[in-house]
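# Inside the fold
Each chain is listed here by its residues.
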Amino acid sequence: IRMMTGMSPSQMKAALPMHRQMAANMLSRMNSEMRTMNMPSDARWTATVDSVRQDLARMPEMSAQELKAFMPMHSARISRLMETHRKMMNKTKP
């Protein structure tokens, strides 16, 4: 994400397919880890995951300039998701 925020709009648009795949893989891995540890998801987690998925679905339709303007909000959601996941995983460690 940080790498993308420094890109020009056209570079960002070109990197979008790779970003979408990496983000989808991250979501899948996080959900798998939570299932493996029998961790229930809370409303905040579910809402953030849903928001990120909606972002990923909408982003290909955006122009390069729209994508550039949208990326800070998307980046904040990804960061919040990663931080929440880290905190939840740390709670389960002995």
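Criteria and cut-off values
Residues numbered from 1 in each chain as written. Predicted model: local features only at pLDDT ≥ 70, side-chain atom pairs only at ≥ 80, totals over all residues. Heavy atoms only, no water. Helix = DSSP H or I, 4+ residues; strand = E, 2+ residues; numbered from the N terminus. Contact = heavy atoms within 4.5 Å. Areas by Shrake-Rupley, 256 points an atom, 1.4 Å probe, with all protein chains shown as cover. Lys, Arg positive; Asp, Glu negative; His and termini not counted. Charge placed at Lys NZ, Arg CZ, Asp CG, Glu CD. Expected span 1.5 Å × (residues − 1). Buried < 20%, exposed > 50% of the residue type's maximum accessible area, 1.4 Å probe, protein only. Core = buried A, V, L, I, M, F, W, Y, C linked by side-chain atoms within 4.5 Å. Patch = residues over 30% accessible without salt bridge, like charges linked within 9 Å, V, L, I, M, F, W, Y side chains within 5 Å. Salt bridge = Lys/Arg side-chain N within 4 Å of Asp/Glu carboxyl O.

## Section: the overall build of the chain
Along its length, the chain carries 4 helices and 0 strands. Tracing the chain from N to C terminus, the helices and strands come up as α-α-α-α. Reported as C-alpha extents along the three principal axes, the dimensions of the chain are approximately 45 × 20 × 20 Å. Restricting to contacts in the chain with at least 6 residues of sequence separation, those with at least 24 account for 72%. For the chain, the computed accessible surface area is about 5,900 Å², with 55% contributed by carbon and sulfur atoms. Here the chain contributes 15 positive and 7 negative side-chain charges, whose respective centroids are spaced 5 Å apart.

## Observations concerning helix 2 (residues 9-36)
If you check helix 2, its first and last C-alpha atoms are 39 Å apart, about what 28 residues at 1.5 Å a residue would give, namely 40 Å. Where helix 2 is concerned, the buried positions are Met 12, Ala 15, Leu 16, His 19, Ala 23, Met 26, Leu 27, Met 30, Asn 31 and Met 34. Two residues or fewer after helix 2 comes Asn 38, characterised by a positive phi angle close to 55 degrees.

## Remarks on the nonpolar core
Ranked by size, the top nonpolar core spans 24 residues in total, and within it Trp 45, Met 59, Leu 67 and Leu 81 carry the most contacts. Mapped onto this core, the elements with two or more residues apiece are helix 2, helix 3 (43-58) and helix 4 (64-92). For this core, the leading source of residues is helix 2, giving 8 residues. Filtering out sequence-adjacent residues up to four positions away, Leu 67 remains in contact with Met 12, Lys 13, Leu 16, Met 59 and Met 62.

## Some remarks on a nonpolar patch on the surface
On the surface, Met 3, Met 18 and Met 22 cluster together to form a nonpolar patch covering roughly 340 Å² of accessible area. Tracing the backbone shows Met 22 in helix 2. For Met 22, a relative accessible area of 52% puts it in the exposed group.

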